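Coordinate analysis (summary)
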Amino acid sequence: TRSTRPQRLLRAVQQKAIKGDPQSVISAIDYFCRHSEWAMNVGDEKGSILDSVVCEVCPTTALELGTYCGYSTVRIARLLPPGTKLITLEFNPAFAAVARQVIEYAGLQNKVCLVEGASGDLIPKMCQMFGIKTFDFVFIDHWKDRYLPDIKLLEECQLLRKGSILLADNVICPGTPEYLEYVRNSPHYESKYFKSHLEYTKVEDGLEKSVFLG
Ligand SMILES: O=C(NCCc1nnc(-c2ccc3[nH]cnc3c2)[nH]1)c1cc(-c2ccc(F)cc2)cc(O)c1O
Ligand SMILES: [Mg+2]
């Protein structure tokens, strides 16, 4: 049977990147997506904005919604100091299987906990599963119609604290209008838009950074 795009992306990592070198894994995926097959990773341009926000926040607890092939997981985990954990949620078992191998190839498996399942089911279990009280940083990059219900769930489960940072991908393309309207108009958030482009294209897209005010 034909390989899938995530499997071909993984093969490109295994053939082009250096085991244990996260930057070479990132570069191999970006090269594959520019020169072979487009894939829905956050990409190098928005990825640089993601890096700068992660470095500014220096999270001790971080959550990613939507692992896909693990590209942004590697980008985030490579910047985390030892002893911090990145929890990443993935719904699709085939994506998760590839992501585990990409994360391991980068040598970051000790900083990442990939959990398979639906965000709506897993978010309420964060405390009992990991003893997590609150998240300092959340990267939102899963199904676009889940962004709003899932941050409301994070609020309800008291997993956000005054100063928690949310960073959402694709707020223009494919777009998350209800999420944007909420974080930009709610008195509980201070929001800022980082204009960029859809990964590996000239189409406009951007990241929305929102600080939870409590
Ligand atoms: O759909 C996207 N991303 C979502 C994948 C995913 N990967 N995992 C999930 C998941 C969904 C429930 C979940 N519940 C718990 N974990 C979950 C994970 N969803 C996505 C799509 C595009 C895109 C743009 C223009 C186009 F013409 C076509 C496509 C660009 C992007 O940057 C994206 O991130
Ligand atoms: Mg995305």
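Residues numbered from 1 in each chain as written. Chains lettered and ligands numbered in written order. Predicted model: local features only at pLDDT ≥ 70, side-chain atom pairs only at ≥ 80, totals over all residues. Heavy atoms only, no water.

1. Examining the packing of aromatic side chains
Spelled out, the test is: Each Phe, Tyr or Trp ring, with Trp reduced to its six-membered ring, pairs with another whose centre is within 6.5 Å; inter-plane angles below 30 degrees give stacked pairs, above 60 give edge-to-face pairs, and intermediate values give tilted ones. Counting from the N terminus, the helices are DSSP H or I runs at least four residues long and the strands are E runs at least two residues long. Buried means the residue's accessible area, taken with a 1.4 Å probe over protein chains only, is under 20% of the maximum for its type, while exposed means over 50%, and partly exposed covers the values in between.
One pass over the structure, following the stated rule, counts five aromatic pairs. Note on Y189 and F212: the rings are 5.3 Å apart at their centroids and 55 degrees apart in plane angle, and the pair reads as tilted. In this pair, Y189 is assigned in strand β6 (residues 189-197) and F212 in strand β7 (residues 204-212), connecting sequence segments 23 residues apart. On the basis of relative accessibility, which here comes to 11%, the residue F212 falls in the buried class.

2. Concerning the coordination of the magnesium ion (ligand 2)
Cut-off, in case you're wondering: Counted as donors are N, O and S atoms no farther than 2.8 Å from the metal, or 3.2 Å for Na, K and Ca; water is not among the atoms, and sites may therefore look incomplete.
Those protein atoms acting as donors to the magnesium ion (ligand 2) are D141 (OD), D169 (OD) and N170 (OD1), and they sit at 2.0 to 2.2 Å. On the primary sequence, the residues serving as donors to the magnesium ion (ligand 2) are separated as D-x27-D-N. Here the residue D141 occupies a position in the loop between β4 (135-140) and α8 (147-156), and D169 occupies one in the loop between β5 (160-168) and α9 (171-175), the gap between them amounting to 28 residues. Here D141 falls in the buried class, since its relative accessible area comes to 13%. Residue D169 is classed as buried on the basis of its relative accessible area, which comes to 0%.

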